Amino acid sequence: MTNAARVSILHKVLLHDAESNPLLERTELPRFADVKVAEHAEPAVTKRLEEGRVQLQKLEKHCSTELAKGRTIPYNELVPPLEELYEDVGGPMGSLSHLKSVKDSKELREVIMKLEPKMITFWQELSQSKPVYDAFVKLKADASFAKLSTAQKRIVNKEINDRRLSGVGLSGDKAKEFNELQQRQSELRTNFSNNVMDATGAWNHTVTDKKRVKGIPDRTLAMAAQKAQVQHPKATAADGPWMFTVDYVLVFPVLKFAEDRALRETMFHALATLASSGKHNNVPVIMELLEGRQRSAELLDYSCYADVSFASKMATRPQVHSLLDELQSSAKPAAKKDMEELEAFAKKKDNVTDLKHWDRVFYAEQMQKEKFGIDEEELRKYFALPTVLDGLFALSLQMFDAKVTPADGDAPRTAWDKEVKIYKVSSGDGKEVKGYMVLDLYARPGQKRAGAWANPMTTRRYLPGDKKLQRPVATISTNFPAPQKDTPSLVSLSEIHTLFHEFGHAIQHVLTRQNETAVSGLNGIEWDAVEISSQFMEYFISYDKDTLYSFAKHYKTGEPLPEKTYQSIKDSLNFREGTQMSMSLFLSKIDLRLHEKFDKNENINDIYMSLANEVLPSSPLPEDRKLCSFQHIFAGGYASGYYSYIWSEVLSADAFSAFEEDNVGLKDKHKMQETGHRYRDTFLSEGGGEEPAQVFKDFRGRAPSSKALLHYSNLEMSLLFF
Ligand code: ZN
């Protein structure tokens, strides 16, 4: 073929692609770079909704006709068409939501707001479809059910359970009341988070005296000066004025580093009482939410909302309570000791004899520095992101025989930003491509939302029409510092934890061996088991010295991390573990208590205080109203499920302890690989296709125990809230 012919064919291909709507294409790696919101979003979503309705009607008709004849609809006539529906209808909106999280714009937000209610209505129609539900119930009672695979049985059970919890069994007034409650609950969740957001926006505190900001890092002062510029255009990081708000990025550095005690008090107080009075008061929102949840539970024939939540979890309520009580018996005495130690330290250092709530984080930070001598900024120089990635990928190859390499050329139009990198995950010999990972690691303020997350983009499944596998794709998004002119992105130790954590989610999605959407990769894994594979990866940073040293090299000199620093990091791992665990236990317990036996005549604040006194080493401030900003359970999906963090943590700690069992695991590379492969063939391969307790047993050969968690004790998440 001549070059001219080649160019002309290429030109035609490009022209054809540009004419089509990328949101309607079904490729493993979507063409995000070609999405034009104004042109593609609404037509794609509308088209798929229309087609979806026709498909659903067809399926319902088939179900009704067959059921009327007393026939059972076989699995293959029921599940595959539903899978098609989920993927077809959910696809374009899924892509738009993804774009909103990484490349937000006014245009995108508006179109999503317009289309979302239509999507919700469709999903309600689908989940409350009586003929489809009846077909599943009949299938489960049929002799053919026993012949299905474990994964297929789980899909049938999950369909029945999810549909029941969506109110399919209700009719008449009850159905009407249930649907209205669902609509109202969704509004209340939005109101709750809007109140938190608006109360945060409404409060600020400006400081003009330079003496008062002593100790606060320059980075934080720069942000505070920028905020102050609205009223004081000449504000600078060095000379102020500085405007402080209760945004996490500002309030935590102040509580941690500000030497001015009164400033800490002001900030602590604002945070503890956020959204608890005036026009952003969340107390009435919480009351109505709890009441509504209780009523919905009753309509579904459950005694309380906690039972609704536990109906789709791995753990049972009694198991969770006994775990939390067991951990509390170790954590509370340890937290009391932490408190005594902190009081003694503050007295010795600054002659503080009445350590207040707003002094705790500050002195804990000082004590940690004095005890272990770790300088976080210096430490970053040993962690250049490209080197850290090399180390992570080497671990993946060694442990899971999964080779991660740049996928140059495989996905020319997938990257939605020039910083996005696409990787191919193949078998160790490189012969079989298992799937892809799309990494978007640098912060893009104003475009990308805060935090870090890993999401499924495409799910592995067998395509009967094409007689081939659709390979899975996972995305990892983080907010790491972008590289500067001649300096690579330098990450902190906690950012490395974040990277390993999200990689754990992504690799579970990509290395699945399941072929049906509902249980493939991250899909179908119980809520309280989904963090196992992510938290598991983090242990390698803290407990596998070889892994850490594979990437801990000074970015300029290449010198390895000094042994002394390494020892300090090791020594500081369990710093104030009792305090951290107590806070996590308290949040888990208050969440359960409110959803287990809430009565509308109860005072939520009294419940909060009495439980705090039982679990925490000391009482909260009398005016503390942190329930009013507890978004996980009142705006997010954690209602009666906050314990999931601890539950997953127990399982991941116990899973990782398999590597240290006989004290040779991590040193003996052959043994490490053997255990790693077993982990891959159980946790990563089985995913949602098997009961999580059985997956654990397949890997560990026994049921989980909380011993390993107490041993490693790595509960950091509660710090985010308190
Ligand atoms: Zn996670």
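Everything here concerns the structure above.
Since the structure is predicted, the reported quantities are computational estimates derived from the model, not experimental observations.

(A) Structural detail: the environment of T565. Tracing the backbone through its elements, the reader meets T565 in helix α20 (residues 563–572). The exposure class assigned to T565 is partly exposed, which follows from its relative accessible area of 24%. The spatial distance from the C-alpha of T565 to the C-alpha of I155 is 50 Å, given a sequence separation of 410 residues.

(B) Spotlight on the pairing of strand β9 (residues 473–480). Among the 8 residues in β9, 7 count as buried, and that is most of the element. Two strands pair when backbone bridges link them, and strand β5 (residues 433–442) and β9 are joined in this way by 6 bridges, in the parallel orientation. Pairing of D440 across the sheet is with S477, part of β9. Note: strand β6 (residues 453–458) against β9, 5 bridges, orientation antiparallel. Of the residues in β9, the one forming a bridge with W453 is S477.

(C) Quick look at the coordination of the zinc ion. Bound to the zinc ion on the protein side are H501 (NE2), H505 (NE2), E531 (OE) and E531 (OE), at distances that span 2.1 to 2.8 Å. Taken together, the 4 donor atoms coordinating the zinc ion span angles of 51 to 139° at the metal, a pattern that classifies the geometry as irregular. For the zinc ion, all donor residues lie on one chain, and their spacing in sequence is H-x3-H-x25-E. You can see H505 sitting in helix α17 (residues 493–510) and its partner E531 sitting in the loop between α17 and α18 (532–543), a full 26 residues away along the chain. The burial state of H505 is the same as that of E531; both residues are buried.

(D) Inspection of the side chain of T459 at higher detail. Take T459: it is sitting in the loop between β6 and β7 (461–463). Setting aside anything within four residues of it in sequence, one finds T459 in contact with Q470, P472, H509, T517, S520 and N523.

(E) Examining the sheet that holds β6 more closely. What the 5 strands build is an open sheet, ordered β3-β4-β5-β9-β6; its pairing is mixed. The open sheet has two edge strands, β3 (402–406) and β6, and neither has a second partner. On average, each strand axis in the sheet is tilted by 25° relative to the strand beside it, whichever way the strands run. When strand β4 (residues 421–427) meets β5, the two strands line up antiparallel, connected through 6 bridges.

Calculation notes
Residues numbered from 1 in each chain as written. Predicted model: local features only at pLDDT ≥ 70, side-chain atom pairs only at ≥ 80, totals over all residues. Heavy atoms only, no water. Helix = DSSP H or I, 4+ residues; strand = E, 2+ residues; numbered from the N terminus. Buried < 20%, exposed > 50% of the residue type's maximum accessible area, 1.4 Å probe, protein only. Pairing = 2+ DSSP bridges. Donors = N, O, S within 2.8 Å, 3.2 Å for Na, K, Ca; no water. Tetrahedral: all angles 85-135°; square planar, octahedral: opposite > 155°, others 65-115°. Contact = heavy atoms within 4.5 Å. Axes fitted to C-alpha atoms, helices over the stretch in contact; angles between N-to-C directions.

It is worth stressing that arrangement in space is one thing and function is another; only the former is reported here.
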